[in-house]
Structure formats: C-alpha cells, structure tokens
Amino acid sequence: MLTLETVHKSHLEQLNVFDADVTAKFCKLALETLQVHGDLARNDELYGKAASRLNSDAAVVRQCVEALTALFKIAARRGLARLQETLVLTNLSQSLVDIIAESYSEVHEALNQHLRLIHPVPISYCGLEWRLGAVVASRAVRATMKPRLVLQFSLMDCNGQNNKVNVECSVDNLRKMRDVLEEALQIARTRKIRKLAHMLI
C-alpha cells in the first residue's frame, strides 16, 4: 500500500466531478506522459485542449493528470501490481477506483521496465584507492616536476555488482574536482533538492 502526499490525494479526489469515461481518458493521458515523455513532462497545450473538450479548467485537468502520473510512477517503482488498497484511502467513488486500478494493472509491468530505462541506475560509492606519480626531471627540462594522481573508485550498482573506475588527473584538476563536489554537496542540502529526492523515492 502506498501513502500519497496530501496534495496528490486532494488532486485525485477532484476526479469525482468527472464521469468514468473522462477519468479513463485522464488515466490514458497520465500513462502516455510517463511512457512517452517521462514523468517530468509538461504539455500545457494538451491540457488546454482537454479542458476545452471537457468544459473544465486547464489547471484542474493538469492537477488530476499529474496526480495520476505521480500515483502510477510510485506504484510502478515499488513493483505494485494492484492499486485498490491504496485508492481505498481516498474519497474517490468505487467506480473511479476500479477504472484507475484497471488502467494501471494493464500496463504496470511495461511501465516499471520503462521507468528503469529513463531514470539513471543508482550507484553507490564503496571505496577509493590512489597512487601518486611524478616526472621529477629530464635532460630537456631539469627543473620539471609534474605530479599525477591515479584514482581508482569502487562503485556498486543497484544489483550489488562492484565496478572499478580509474581516473588519472593532475593536482590542479583534483582541486577543481574537489570544488565541484563541495558545490554539489551544498546544493544537495537545499530544501528544494531534498523535496525532489523525496518525490523520486
């Protein structure tokens, strides 16, 4: 069973103002958004046309479709085959619950595979080994000293497989890598990024 965010739950419950046929179309649009465009797709023109046909507000159409998109995405990532138990916790009518659950059940396996393709495979850091080498001098330039670092990163993918990645760089490039990493860590601590990471889980 999934726990939906309050905003998605309230947007889903807006479907109660539409009939079963319209809800089925919303489900189809949400699934197409995930399978064709990815879950971050935005199509204002499409929402506008749908709202015009339904004599509804484009913002309401967007909210309903994006709530369905979020529901399908989270369920597929967690490998759920059924949505009935999750939708029972909403105030949707039983007929709408059945339509949404059926729309998802027909494509959940293909959707799960597609989401694995369009999202990067998570990789975790395991360890680092390094070696320092230097050209101290030569006949041409006796005062030359060019230190080089060879870094070997140990990484693990989501399947538990270990991989070794070798990187050779100068001391100056190592400093640049350090600065970029520190900047990325600062950005990762911001509220916006933490919220985005929570949505992608």
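Residues numbered from 1 in each chain as written. Predicted model: local features only at pLDDT ≥ 70, side-chain atom pairs only at ≥ 80, totals over all residues. Heavy atoms only, no water.

As annotated in an unreviewed UniProt entry, the protein chain carries the name COMM domain-containing protein and comes from Varroa destructor.

(A) Seen up close, the nonpolar core. In this structure, Leu15, Phe26, Leu68, Phe72, Leu83, Leu87 and Ile100 are the most contacted members of the largest nonpolar core, which totals 31 residues. Elements supplying a minimum of two residues to this core: helix H2 (20-37), helix H3 (44-54), helix H4 (58-77) and helix H6 (94-105). Among the elements that take part in this core, H4 stands out by supplying nine residues, more than any other. Excluding its chain neighbours within four sequence positions, the residues that come into contact with Leu83 are Leu71, Phe72, Ala75, Ala101 and Tyr104. (Core = buried A, V, L, I, M, F, W, Y, C linked by side-chain atoms within 4.5 Å. Buried < 20%, exposed > 50% of the residue type's maximum accessible area, 1.4 Å probe, protein only. Helix = DSSP H or I, 4+ residues; strand = E, 2+ residues; numbered from the N terminus. Contact = heavy atoms within 4.5 Å.)

(B) Looking closely at the confidence of the model for the protein chain. In this model, the protein chain carries an average pLDDT of 77, and 77% of its residues clear a pLDDT of 70 or more. Per-element mean pLDDT across the protein chain ranges from 65 in helix H7 (residues 108-118) up to 88 in helix H8 (residues 171-188). (pLDDT = per-residue confidence, 0-100.)

(C) Spotlight on the packing of aromatic side chains. Under the criterion given, the structure shown has two aromatic pairs. Ring geometry for Phe18 versus Phe26: centroids 5.2 Å apart, planes at 80°, classification edge-to-face. For the pair Phe18 and Phe26, one class covers both residues: buried. Relative to Tyr104, the ring of Phe72 has its centre 5.8 Å away and its plane inclined at 15°; by these criteria the two rings are stacked. You can see Phe72 sitting in helix H4 and its partner Tyr104 sitting in helix H6, a full 32 residues away along the chain. Residue class for Phe72 comes out buried when judged on its relative accessible area of 0%. (Phe/Tyr/Trp six-rings, centres within 6.5 Å; stacked < 30°, edge-to-face > 60°.)

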